[in-house]
Amino acid sequence: MKKLILFGPVFLIIVILAVWFIDGMGDVVQPIQYNHFVHVQEEEIECLECHQYAEDYARASIPNIDECADCHDESELEDEEEMTSDEDIIRQEMKRQEKKILFAYMAQNKKIPWRQVNNVPNYAYFSHRRHVKLGGIECVECHGDTGKQTTPIVRPHETRSMAWCMDCHEKENVSNDCYACHH
Amino acid sequence: MPKWGMIIDLNKCTGCGDCVTACKVENNIAVVGQEESANGRTMLWMDIITTYEGEFPNVKVRHMPRPCFHCEHPPCTKVCPVGATYLNDEGIVAQIYPQCIGCRYCQVACPITVKTFNWYTPEWPGRMAEACNPDVAVRPMGVVEKCTFCIHRLQKAKEQAAVEKRELRDEDYVPACAESCPTRAISFGDMGNPTSKVSQLKRNPRAFAVGEDLGIEPKVYYLSEVE
């Protein structure tokens, strides 16, 4: 009984750590701690302003240094912002650090090696144009409320199984012919 | 629903092989190499069957491009145990690779031998892999594949027509082989529409189909050579 009392909590901690570790294994690590919240909620930038091709092409595109340079330049690092609390200071410092990484990429004219999170397998064809422009589907329906996320996207919002696609196709009364997606 | 079909004018065909190359590049068809090719494992969705008549010096060479005939009664679909190949609403015989188990029954059933089997994981020489068409899946080892009438082009054409808020026109959707043919020997369009170019060509007295006697009702017709 004594042994159970002693090893019980230890065993429990090991199990919790293992679950946490296994759960996080599928997550990708992004090169910059990108904050959607700041861009979408605070600066009120629309999804399509950065993911420019979502309406016209199959791939929505992930913005890179060229798009970032439209709004950001190195002079930002010298800007002194009014900081009232410790929390503000930490937040500002974190922003500065991430911006430094971005400016390093921009200075070297090197592309940010973003890791793609939402991808479909090679044997399934997905067109953003078909869904966004023709279907009129809002980004949040598949990608979740990404705009409220303060940390980078590390895993897809939906599991994207074939059944999930087909359910929606059936509801929206669009083709469920295999050739609509597999070619 | 349209019924897509093809007319190949043998009088215009010079056997240049442009259609074969265009098809191969468009559809990410694997390059198998000389050794495997000698074993009968050449992978072509569009092939040119060449026949020689007579003896030297009076030799007559005939060329016959051969895509999948997309039969109205396809024997291949009837033998597939998993439904990986079927006739879709638009008359195209589909081949769904993730569904295929590689039993090769369809390959045996096809009277015109258009189906090819992936004996190996596809490979391309040098940096050719980077030039693969992103609209077409690269088939894995162990599945059967064949001509799809460039179905991905149909999907794109439909998308474009929907964006422009108009009906799909005949010229919107052309497979790579028909597009590349320098002598315009290959015509493609909706055979269900009696006024389309292919329907008119089909009524030409020179028109004939291969395998009609088998009752497969192919949707690829040929216009015979004029002697």
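Nothing here was measured: the structure is a model prediction, and the numbers come from that model.

Things to note about the overall build of chain A
Thinking step 1. For chain A, the helix and strand inventory stands at eight helices and zero strands.
Thinking step 2. Mapped from its N terminus to its C terminus, chain A presents α and β elements in the order α-α-α-α-α-α-α-α.
Thinking step 3. The C-alpha radius of gyration computed for chain A amounts to 21 Å, which surpasses the reference 16 Å derived for 183 residues by more than 25%, pointing to a less compact arrangement than a globule.
Thinking step 4. Taking the principal axes of its C-alpha atoms as reference, chain A extends roughly 65 × 60 × 30 Å.
Thinking step 5. Scored against the burial criterion, the 183 residues of chain A give a buried share of 21%.
Thinking step 6. Here the analysis covers contacts within chain A between residues at least 6 apart in sequence; of these, 70% occur between residues at least 24 apart.

So, the packing of aromatic side chains
Residue and element names in this part refer to chain B.
Thinking step 1. Counted according to the given criterion, the structure contains nine aromatic pairs over all chains.
Thinking step 2. Note on Phe149 and Phe188: the rings are 4.9 Å apart at their centroids and 80 degrees apart in plane angle, and the pair reads as edge-to-face. With Phe149 in the loop between strand 7 (144-145) and helix 5 (151-163) and Phe188 in strand 8 (residues 186-190), the pair connects residues that are 39 residues apart, well separated along the chain.
Thinking step 3. Given the relative accessible area of 1%, Phe149 is considered buried.
Thinking step 4. Assessed through its relative accessible area of 11%, Phe188 is described here as buried.

Some words on a nonpolar patch on the surface
Residues and elements named next belong to chain B.
Thinking step 1. The grouping of Tyr52, Phe56, Val59 and Val61 at the surface amounts to a nonpolar patch, some 470 Å² of accessible area in total.
Thinking step 2. You can see Tyr52 is positioned in strand 2 (residues 47-53).
Thinking step 3. Classification of Tyr52 by relative accessible area gives exposed; the value is 61%.

Regarding the sheet that holds strand 8 of chain B
All names here are of chain B.
Thinking step 1. Strand order in the open sheet made by the four strands is 8-1-10-9, with mixed pairing throughout. Each end of this open sheet is capped by a strand with a single partner; those strands are strand 8 and strand 9 (207-208).
Thinking step 2. Bridge analysis of strand 1 (residues 4-9) against strand 8 gives five bridges, and the strand direction is antiparallel. Its bridge partner lying in strand 8, Gly5 is registered against Gly189.

Concerning unusual backbone geometry
Residues and elements named next belong to chain B.
Thinking step 1. Residue Phe56 is joined to Pro57 through a cis peptide bond whose omega torsion reads 5 degrees.
Thinking step 2. Mapped onto the secondary structure, Pro57 falls in the loop between strand 2 and strand 3 (60-66).
Thinking step 3. A positive phi angle, near 70 degrees, is found at Arg104, a position not held by glycine.
Thinking step 4. Within the secondary structure, Arg104 is located in the loop between strand 5 (93-95) and helix 4 (105-109).
Thinking step 5. Of the residues examined, Arg104 reaches a relative accessible area of 28% and is grouped as partly exposed.
Thinking step 6. With a phi angle near 50 degrees, Cys150 is a residue other than glycine that sits in the positive phi range.
Thinking step 7. With respect to the helices and strands, the residue Cys150 is situated in the loop between strand 7 and helix 5.
Thinking step 8. Here Cys150 falls in the buried class, since its relative accessible area comes to 5%.

Some points on a negative patch on the surface
Residues and elements named next belong to chain A.
Thinking step 1. Taken together, the side chains of Glu43, Glu44, Glu46 and Glu49 present a region of like negative charge at the surface.
Thinking step 2. Position of Glu44 relative to the elements: it lies in the loop between helix 2 (36-42) and helix 3 (47-50).
Thinking step 3. Residue class for Glu44 comes out exposed when judged on its relative accessible area of 63%.

A closer look at the pairing of strand 10 (residues 220-223) of chain B
Residue and element names in this part refer to chain B.
Thinking step 1. Burial of the side chains of strand 10 extends over both faces: Val220 and Tyr222 are buried on one face and Tyr221 and Leu223 on the other.
Thinking step 2. With four bridges connecting them, strand 1 and strand 10 associate as parallel partners. What sits directly across from Ile8, in strand 10, is Tyr222.

Here is what the cut-offs are and how they apply
Residues numbered from 1 in each chain as written. Chains lettered and ligands numbered in written order. Predicted model: local features only at pLDDT ≥ 70, side-chain atom pairs only at ≥ 80, totals over all residues. Heavy atoms only, no water. Helix = DSSP H or I, 4+ residues; strand = E, 2+ residues; numbered from the N terminus. Rg over C-alpha atoms; globule rule 2.2 N^0.38 Å. Buried < 20%, exposed > 50% of the residue type's maximum accessible area, 1.4 Å probe, protein only. Contact = heavy atoms within 4.5 Å. Phe/Tyr/Trp six-rings, centres within 6.5 Å; stacked < 30°, edge-to-face > 60°. Patch = residues over 30% accessible without salt bridge, like charges linked within 9 Å, V, L, I, M, F, W, Y side chains within 5 Å. Areas by Shrake-Rupley, 256 points an atom, 1.4 Å probe, with all protein chains shown as cover. Salt bridge = Lys/Arg side-chain N within 4 Å of Asp/Glu carboxyl O. Pairing = 2+ DSSP bridges. Lys, Arg positive; Asp, Glu negative; His and termini not counted. Charge placed at Lys NZ, Arg CZ, Asp CG, Glu CD.

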